[in-house]
Every structure is written in C-alpha cells, then in structure tokens.
Amino acid sequence: MTFQEEFVEEVRNSCDIVEIISEYVDLKKTGKNFVGKCPFHNEKTPSFTVAPEKQMFYCFGCKTGGNVYTFIMKKENLSFPEAIEFLANKAGIVLPQPDDSAAISQKGRIKNIILEILKDAANYFYYNLIKTESGRHAFEYLIKRGLSKEIIRKFGLGYSLPEWDSTKKFLESKGYDEKSIESAGIIIKGKYNNYYDRFRGRIMFPITDVMGRVIGFGGRAIADSDSQPKYLNTPDTVVYNKRKNLYGLSIAKRESSKKGIIIVEGYMDVIALHQAGFTNTVASLGTSLTIEQAKLIKRYTDEVYLAYDSDEAGKAASIRGMDILNDIGLIVKVIMFPEGLDPDDYIRQKGREEFHNKINEALPLMDYKLMTLKEGYDMSSPLDKRAYISKIAPHLLKIKSFVERDAYIRKISETLGIREEALRIDINRYSKKNQYGNTIEHKKVLKTHNNKNNAKFKIMPAHIKAEWDLINLLINEDQVYELIKNNFSLSDFIDDINREIAKIIYSLKNSQTEISPAEIVDKLGREEYVKRFSHIVARDVIYEDAEKTVLDCIAKIKGYKLQQELDNIQQLIKKTEASTKSNEHELNKLLVKYQEILERKKSLKFGC
Ligand SMILES: [Zn+2]
C-alpha cells in the first residue's frame, strides 16, 4: 500500500519517538535528550540517544539513526509502508480506505478484505463466548482451567457455535461474499458446492501477526472425542502462514529484548504463562520450529527459553527445532519439567515463583543434549560409551566457539571417564566422516590446520609420511585392512613408535570389527605414543583412492628399506675393492646381492 504524504505525516506526528522507543529501550533523560543502550549493537555504556525535540534517534556507537519510522523499520524488520501501518495501528489512526489510495494492487485489496473478515469473525466468536447461552459451557471450561476474564479478553478468546453455518451467516450479514470468507479460511466448500463453517463448537484462539492483527484461528474442541481433532487451525491463506508466525508474539515482543522469549507448544501454555506474568511467551503452534520463526524471534531478542512438555522435549523434531534457533545465533536454554507436566500444568500446580526458578535453572542447549542423548545407554559399557560419543559428536561440532567446545569436551571426558585426548580424536574422526553439522568456521580451521601440517610434511621423509598414512588408513578405511595386513607386516615399519601403534591396531582388528581412535588411545598408554597417534589422526587426510594409497605407501616404505640395503652393499663393495687383500669371491657375492635387491626394488608394485 502506498500512502499519501499527509497521512505519513499524520501518523508520525501522532507517535512520539520517545514513547515508541521506550517500548524497546530503557531510556534515561539527560538534559533535553534521552539516552539508552543501543538496540542495534552490543554495548555496555549507552551511546544511543533520542532527541524528543527533533523526534530523532542516533547511536554514536554504530552510527544508526533516523526517525520513528526508521526505528520501527529496523527494529520490527518492516518495509516503509508496513512501518506506517504498524504505527498507525498503534496510534489508533484508521488506515485510508483502499479506494482512497491510488496505486492499490488487487492482491492488497483482497488482503485487506480478508483481514476485515477475520477481525469481524474474532469479535463474533468473542461475543458467542461471553454473551450466548450456547457459549457458557465453553466460558466455564476456560474459567475452570484457571483463566481470568481479563486474560480471556486480552487474548480475544471466543467460541464458535456448534452449527453448520452460523459464522458464515454472520459474516454474510456484514456484507462479505462466500468466496472471500472461504479465502479467509473460515468456511469450507462441501461436496455439493455448499459452504459450511470450518470451526463448530470450538473454543477459538485468534492468531495475530506481530502488529496484532488477526490473521487466523486455532479452534480447540472442548470435550475429548475420537471423531474430532482436538485442535483445528486456519489453513495457510493470503495473510496466514503457520511456518511464519508465533502465537502471542505481538504481545511477547514488547518485553522480549530484556527478558528473552519463552517458547511453548500450545495456546493454553501461552495464555497461562501470560496470566502468571510471563508475558514474553510465544507458541510455535504445533509445528516444530521453522527457520522463518527463528528469524522472527531473532528480530526481538537474542535469548530463548524452550518450555516443552516433558514427553515432547527429547524428541528428535524438538531437538532439530532447537538447533534451528541455535544456528541463527540465538542463545538457547531448555526449561525442564517433571515428567507428564506441561508448562500450563506446572504453573497451575506450583505457581509463579517456582516457574521463575525453572527459568533460572534452564539448561544451556548443549548440556540439555548431553543429558537427553544419554538416555538408553549404559555408561559403564565401553561400547555404549562409544555409541554415545558418536551420537553427541555432531552436536559438539556444531558449537562454533572453540573455547566453548573445548569446555564441553573436558566435561564429557570427566563424566565418562575417558581421556580428553581420546575423546578429541574420536570427535575429529567423526567430523571427517560426516560432514553433518560442520560449521563453516570449523571447516575453515580444519583447512588451515591441514595446511600447517602439510608444510611440516614437506620436511618429513616420504617413508615416514607413508607410515602415518597407513595408520590413518587402518583406522578409517575398513576395506583396506586385509590389503595392508597381507602385504605389510609389523616388522616392515621403520619407525618404532609407528610400529607400536600399528601393533595395537592389528590386535584390536583381529578381535573386533570396529575400532575407534579413542579406544586405541586407551590401549597405547605411553604419552609419546598417544601424542604421535593424536597427531596422525588429527591430520584429517582424505584418501580418494584408499587401495592405491595403500600400495603406494607400502612401496615407498619397502623401497626406502631396500635403498638403504643397496647403500650398505655399495659401501661394502667400495670397501672390498679398496682392500689391499683383494677378495674376488666376496666381491662377487656382494655384486650378486646388489643386483638381486635392485631387481626387488624395481619390481615393487606402485598403486598406479
Ligand atoms: Zn548502536
């Protein structure tokens, strides 16, 4: 929608910038201006100023500034026309009728009609709940659930009459046509092209957008019944998309910058928490959280508290939702409830104070994952420990801060009684095998890490590097184990430490199918072995053709050995020749041996 200049000015003049910004920022008066902490960048000392005389704001820290529209556009992530609409609604100024506006699109016109229909429907449902005989049992049900009249009004709860077309008739009496009412999601077309009410005999929860406009409904059946779903929602329409909305956000956003946002699952949880004073609560409306919802939340806060039913929280879908929030940069904490209780139950049974304590005790996301993923494992069993580690590894790798990740690795190593180094190796191994959960930062670091090591390898003799590669291959590529074992014995290792490491790997491989680096570390024992092994594993080399690499490595090591023998024989030959006491027989023997070794060296198979 485009607005006339006069209208833009009228709205701006009706919205005092100090009043509007105060809803988001704690402002203190200093002289003729107000100052506060900037909502657009992190700061400890306030450099954000609002000048009521000029009706302007400016931040000396991040150099953001403007008027009340600029502020709302930035803070609410709205376009200019949306910011005008937003502030007009706030100031109670009626928007110009679609006809008044010259360049109004057809789509915008339909959208406006749908919003009008939904608003009228919400009023109708509210009337049914409060004023009709038929709505009384619904009202009593809500009161019995502990809701106050005030909160019912605040959330505009209502009741749809248990008839096939009462809502339809009401809206038609207001002048709307069937097609528009259908587009609003209120009625459904039946088999014989007859329309009937979507919501019948249900408690109605109006769903609003961030500006507080009704964009859809949730309808809850009062009695539990097998034939009817407990909850019924508006389908996606021109104005409503369930993936992009959060129930209660239009209210919750006001305090969210200070307190964070509490995310619950259902309508009743939101309302119960708001009534108890936790007005920063929203619901994801039955779906697991979407990226759109996460972005919406990020507009208002950096911190979220998840308060899911105890039996829902641990489910994979819930954890995925938590990851979405985490990935977008929100600090995620999980509020834990006793089994079988949802937030609504909890606050009714235990009260406000106890709930407040629950918020303070909320677990950081990673701690929560470590705890829930542990379920079903017997931590006294090494196999279970290993399975658990492989399960948590991708989550650990998601932690972007290395300091934080390090702290968790230390913590896990303590709880599981596994050496930190072993754990690290296992987790790194996981990162190599599974790209899932690898953050870009992590990859970057690995890359530079590799480069650094590659530089070292330039001065590392080829045969030693080949031994390192063989060890790496033994651990990571099961399919080449036989190939290595059959062509390369322990005595073929040149380096003593490498040989010791290989010895342990061979013995483990003989007794079990799968081995983990962590396990090997435990078996290695000696510090210098562990150090070497950790270094080898941390190199994170990817072998494109494992079998070819194996053959190359073996050829290099054996070739190196044979070359050494050749060098030795050459020395002996020289010595023998130089000897005054010429020994033809001895010399011949050496020459034959030299030739023989040379042939063997030539015949060494390279993988190519
Ligand atoms: Zn700033």
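Here, the structure is the one placed above.
For every chain, the first residue of the written sequence is number 1, and numbering continues from 1 onward in sequence order. Since the coordinates come from a predicted model, pLDDT governs what is reported: local features require at least 70, and pairs of side-chain atoms require 80 or more to be given and counted, while whole-chain, interface and lining totals use all residues. The basis for every side-chain value is the complete set of non-hydrogen atoms in the structure, without hydrogens or water.

A few points about the pairing of strand 9 (residues 202-208)
Each residue is assigned to one of three classes by its accessible area relative to the maximum for its type, calculated with a 1.4 Å probe on protein chains only: buried under 20%, partly exposed between the two thresholds, exposed over 50%. Helix and strand definitions here come from DSSP, where helices need a minimum of 4 consecutive H or I residues and strands a minimum of 2 consecutive E residues; each element is numbered from the N-terminal end. With 7 of its 7 residues buried, strand 9 lies for the most part within the structure. When strand 6 (residues 158-160) meets strand 9, the two strands line up antiparallel, connected through 3 bridges. Paired with Y159 across the bridge in strand 9 is I203. Two strands qualify as a pair provided that DSSP identifies no fewer than 2 bridges between them.

Section: the sheet that holds strand 5 (residues 65-66)
If you trace the 5 strands from one edge of the open sheet to the other, you get 1-2-3-4-5, paired in antiparallel fashion. With one partner strand each, in any of the chains shown, strand 1 (28-30) and strand 5 form the two edges of the open sheet.

Observations regarding the coordination of the zinc ion
Note that water is not among the atoms considered, so a metal site may appear incomplete; the donors listed are N, O and S atoms within 2.8 Å of the metal, with 3.2 Å applied to Na, K and Ca. Distances from the zinc ion to its protein donors, C38 (SG), H41 (ND1), C59 (SG) and C62 (SG), fall at 2.0 to 2.2 Å. The rule is simple: four donors are tetrahedral if all their angles sit between 85 and 135 degrees, four are square planar and six octahedral if opposite donors span more than 155 degrees and the others lie between 65 and 115, and anything that fits none of that is irregular. Around the zinc ion, the 4 donor atoms sit at angles spanning 102 to 116°, and that spread fits a shape best called tetrahedral. All donors of the zinc ion belong to a single chain; written as a sequence motif, their spacing is C-x2-H-x17-C-x2-C. In this pair, C38 is assigned in the loop between strand 2 (33-36) and strand 3 (48-51) and C62 in the loop between strand 4 (56-59) and strand 5, connecting sequence segments 24 residues apart. Look at C38 and you get buried, because its relative accessible area is 7%.

Topic: the pattern of salt bridges
Salt bridges are defined by distance alone: a side-chain nitrogen of Lys or Arg within 4 Å of a carboxyl oxygen of Asp or Glu. Summed over the entire model, instances satisfying the criterion amount to 26 salt bridges. Taking the shortest distance from any N to any O, the salt bridge between D406 and R424 comes out at 2.6 Å. Within this pair, whereas D406 is found in helix 19 (residues 402-416), its partner R424 is found in helix 20 (residues 420-433), the two being separated by 18 residues in sequence. Classification of D406 as partly exposed rests on a relative accessible area of 26%. Taking the shortest distance from any N to any O, the salt bridge between R532 and D495 comes out at 3.0 Å.

Some words on the packing of helix 17 (residues 365-372) against helix 19
Where helix 17 contacts helix 19, the axes come no closer than 12 Å and their chain directions differ by 30°. Taken together, the axes of helix 17 and helix 19 lie roughly parallel to each other. Pair helix 17 / helix 19 crosses with right-handed handedness. Residues M366, D367 and L370 of helix 17 pack against Y408, K411 and I412 of helix 19. Residues that form the contact of helix 17 with helix 19 fall into these classes: 4 nonpolar, no polar and 2 charged. Axis lines are fitted through C-alpha atoms, for helices just across the contact stretch, and the angle between N-to-C directions can take any value from 0 to 180 degrees. For this classification, under 35 degrees means roughly parallel, over 145 means roughly antiparallel, 65 to 115 means roughly perpendicular, and everything else is oblique. By convention, the crossing between two helices is left-handed when the near helix turns anticlockwise from the far helix through less than a right angle, and right-handed when the turn is clockwise. Any pair of residues with heavy atoms lying within 4.5 Å of one another is described as a contacting pair. Amino acids outside the nonpolar list (Ala, Val, Leu, Ile, Met, Phe, Trp, Tyr, Cys, Pro) and the charged list (Asp, Glu, Lys, Arg) are all regarded as polar, and Gly is one of them.

A few points about the packing of helix 3 (residues 68-76) against helix 4 (residues 80-91)
Between helix 3 and helix 4, the shortest axis-to-axis distance is 9 Å and the interhelical angle comes to 105°. The angle between helix 3 and helix 4 places the two elements in the roughly perpendicular class. Counted together, V68, Y69, I72, M73 and E76 of helix 3 and F80, A83, I84, F86 and L87 of helix 4 form the full contact between these two elements.

Quick look at the environment of N487
Checked against the element boundaries, N487 lands in helix 23 (residues 481-487). Along the sequence, N487 and V550 sit 63 residues apart, while their C-alpha atoms lie 9.5 Å from each other. Once residues within four sequence positions are removed from consideration, N487 is found in contact with D492, I554 and K558.

Let's talk about the packing of aromatic side chains
Aromatic rings from Phe, Tyr and Trp, taking only the six-membered ring of Trp, are treated as a pair when their centres fall within 6.5 Å; an angle between ring planes under 30 degrees marks them as stacked, one over 60 as edge-to-face, and anything in between as tilted. Following the criterion strictly, the structure yields 26 aromatic pairs and no others. Relative to F71, the ring of F40 has its centre 5.6 Å away and its plane inclined at 65°; by these criteria the two rings are edge-to-face. Of this pair, F40 sits in the loop between strand 2 and strand 3 while F71 sits in helix 3, placing them 31 residues apart in sequence. Taking the centre distance of 5.4 Å and the plane angle of 85° together, the rings of F57 and F71 count as edge-to-face. On the criterion of sequence distance, the pair formed by F57 in strand 4 and F71 in helix 3 is long-range, its members being 14 residues apart. An identical accessibility class is assigned to F57 and F71; each is buried. A cation over an aromatic ring shows up here: R352 above the ring of F278, its NZ or CZ 5.0 Å from the ring centre. Look at NZ for Lys and CZ for Arg. If either is within 6 Å of the ring centre and within 35 degrees of the ring normal, a charge sits over the ring.

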